[in-house]
Structure formats: structure tokens, C-alpha cells
Amino acid sequence: MHLMAQEEYGFRCLLQVAQHEGSEPLTIPAIADREGLSPEYTAKLMRALRRAGLVTSTRGAAGGYQLARPATDINAWEVIRSLGGTFFPDEFCDTHPGQLRNCVHTTSCAIRGLWSVVESSVRSVLEKVTLADLKRDERAMVIWLETPEPSASLPS
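Residues numbered from 1 in each chain as written. Predicted model: local features only at pLDDT ≥ 70, side-chain atom pairs only at ≥ 80, totals over all residues. Heavy atoms only, no water.

## Description of the pairing of strand β1 (residues 55-58)
Definition in use: Strand pairing requires that DSSP identify at least two bridges connecting the strands. A run of H or I in DSSP becomes a helix once it reaches four residues, and a run of E becomes a strand once it reaches two; helices and strands are each numbered from the N terminus.
Where β1 and strand β2 (residues 64-67) come together, four bridges link them in antiparallel fashion. Each bridged residue has a counterpart across the sheet, and for V55 the counterpart in β2 is L67. Where β1 folds back onto β2 in an antiparallel hairpin, the turn is made up of five residues, including G60, whose phi is positive at roughly 105 degrees.

Shown next, in the form of C-alpha cells:
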């Protein structure tokens, strides 16, 4: 399992918007520059995030992107899903039938059970992590995630 580039880069672009301190919207060129992406690709990612209702856009010279909701109200699972990601899509088995038209394991598949539980576990973790939580540095984030019950608030 791995994240696709669209999910990774889209998440990073959204974090740039979440971390933006100014009252003015953050522009595509600014986001692209901060993440080392082309403006065209950044615009594509931001469109997907806007369509998912995670950001709002403002047109014009002073335009750009802002979060549609507070960073505390947007979780990591929602971000991944909005960018097209899921670890075990419903149609997964339909795309892996081997040489046959249908998978030979349609009635009982231990592997399907494994992937389903793995996705549920990953989803459970990602639903607990908000954009506000991701304002931590890497070391603080790992420590926070490794605590038995991470609290939703940032340390003072």
C-alpha cells in the first residue's frame, strides 16, 4: 500500500493553506513555490480540494485559497478521500480476477478480510488527525501519535 502522488501533494498543498497565517487567500503560485510543484499541477490539486468542500477560492488579483472550515474540523481521512484515495476500494476485487472474468474467491477470501481490516484501522487513525494537529513538527507529531489516546488539542 502507498499513497499516490495526487494524495500526497494535495495533502501538502492543503497544509500550506492551513498553515498560512495571513488574512489574504494563499495563491496558486505561492503554494506551488512552497511545495516545489508546477502551478498547473497545484491548480489541479486545489480544484479537487475545492470540489470536496475543503477550501474556498477567490478570483482576481487578490484571490487564492482559504480553508472552508477551521483546521480542527478537517481530518486526514477526509483529505485523502477527497483526492481520490482509499486503501481498499469496493471495486478492488473486480479489478484483480486473474485470467478469469470473475475472481475465484468471490464467496470467501481471507485476503479481502485482511485488507478490509487494514483499511478500517488506517481510517480510524486518520479520522482522529486534523489539519490543526499536523501543525506540529515531525518529532512532536510522532510522539503525539504514539501516545495511547492522542488528545485533539495541540500542546501549549
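From this point, the discussion proceeds with the structure in view.
## A short note on the nonpolar core
The line we're drawing: By nonpolar core is meant a set of buried Ala, Val, Leu, Ile, Met, Phe, Trp, Tyr and Cys residues that side-chain atoms within 4.5 Å join together. Working definition: with a 1.4 Å probe on protein chains only, accessible area under 20% of the residue-type maximum means buried, over 50% means exposed, and in between means partly exposed. Contact definition: two residues touch when any of their heavy atoms are within 4.5 Å.
Counting 29 residues, the largest nonpolar core has M46, V79 and L131 as its most contacted members. Where this core is concerned, the elements lending two or more residues are α1 (5-19), α2 (28-35), α3 (39-51), α4 (76-82) and α6 (138-146). Counting residues per element, this core draws most heavily on α1, which supplies six residues. Ignoring anything within four residues of it in the chain, the contact list for M46 reads C13, V17, I28, I31, V55 and Y65.

## What about the pattern of salt bridges?
Note the cut-off: The salt bridge criterion pairs a side-chain nitrogen of Lys or Arg with a carboxyl oxygen of Asp or Glu, the two atoms within 4 Å.
The tally for this structure, following the rule as stated, stands at five salt bridges. As a salt-bridge pair, E78 and R69 come within 2.7 Å of each other at their nearest N and O atoms. Given a relative accessible area of 26%, E78 falls into the partly exposed group. Here R123 makes a salt bridge to E127, at a shortest N to O gap of 2.8 Å. Remark: E127 and R123 occur in helix α5 (residues 110-128); sequence separation between them is four residues, near one turn of the helix. A single network of salt bridges, built from pairs that share partners, joins E8, R12 and E35.

## Details of the packing of α1 against α3
The line we're drawing: An axis is simply a line fitted to the C-alpha atoms; with a helix, the fit covers only the stretch in contact. Between two such axes, the angle follows the N-to-C directions and lies from 0 to 180 degrees. In this scheme, roughly parallel covers angles under 35 degrees and roughly antiparallel covers those over 145, while 65 to 115 is roughly perpendicular and the rest are oblique. Put simply, Ala, Val, Leu, Ile, Met, Phe, Trp, Tyr, Cys and Pro go in the nonpolar bin, Asp, Glu, Lys and Arg in the charged bin, and everything else, Gly too, in the polar bin.
It is at 9 Å that the axes of α1 and α3 come closest, and there the two elements cross at 80 degrees. With respect to α3, the axis of α1 lies roughly perpendicular. Side by side, α1 and α3 meet where A5, Q6, Y9, G10, C13, L14 and V17 of the first sit next to Y41, T42, K44, L45, M46 and L49 of the second. Residues that form the contact of α1 with α3 fall into these classes: nine nonpolar, three polar and one charged.

## Here's the deal with a nonpolar patch on the surface
Selection criterion: Each patch is assembled from residues with relative accessible area greater than 30% and no salt bridge, linking like charges that lie within 9 Å and nonpolar side chains (Val, Leu, Ile, Met, Phe, Trp, Tyr) that lie within 5 Å. Per-residue and other accessible areas follow the Shrake-Rupley method at a 1.4 Å probe size, with only the shown protein chains counted as cover for residues.
Together, I111, L114 and W115 give the surface a local cluster of nonpolar side chains, amounting to about 290 Å² of exposed area. Among the secondary structure elements, I111 is positioned in helix α5. Taking the relative accessible area as the measure of exposure, I111 reaches 52% and is therefore exposed.

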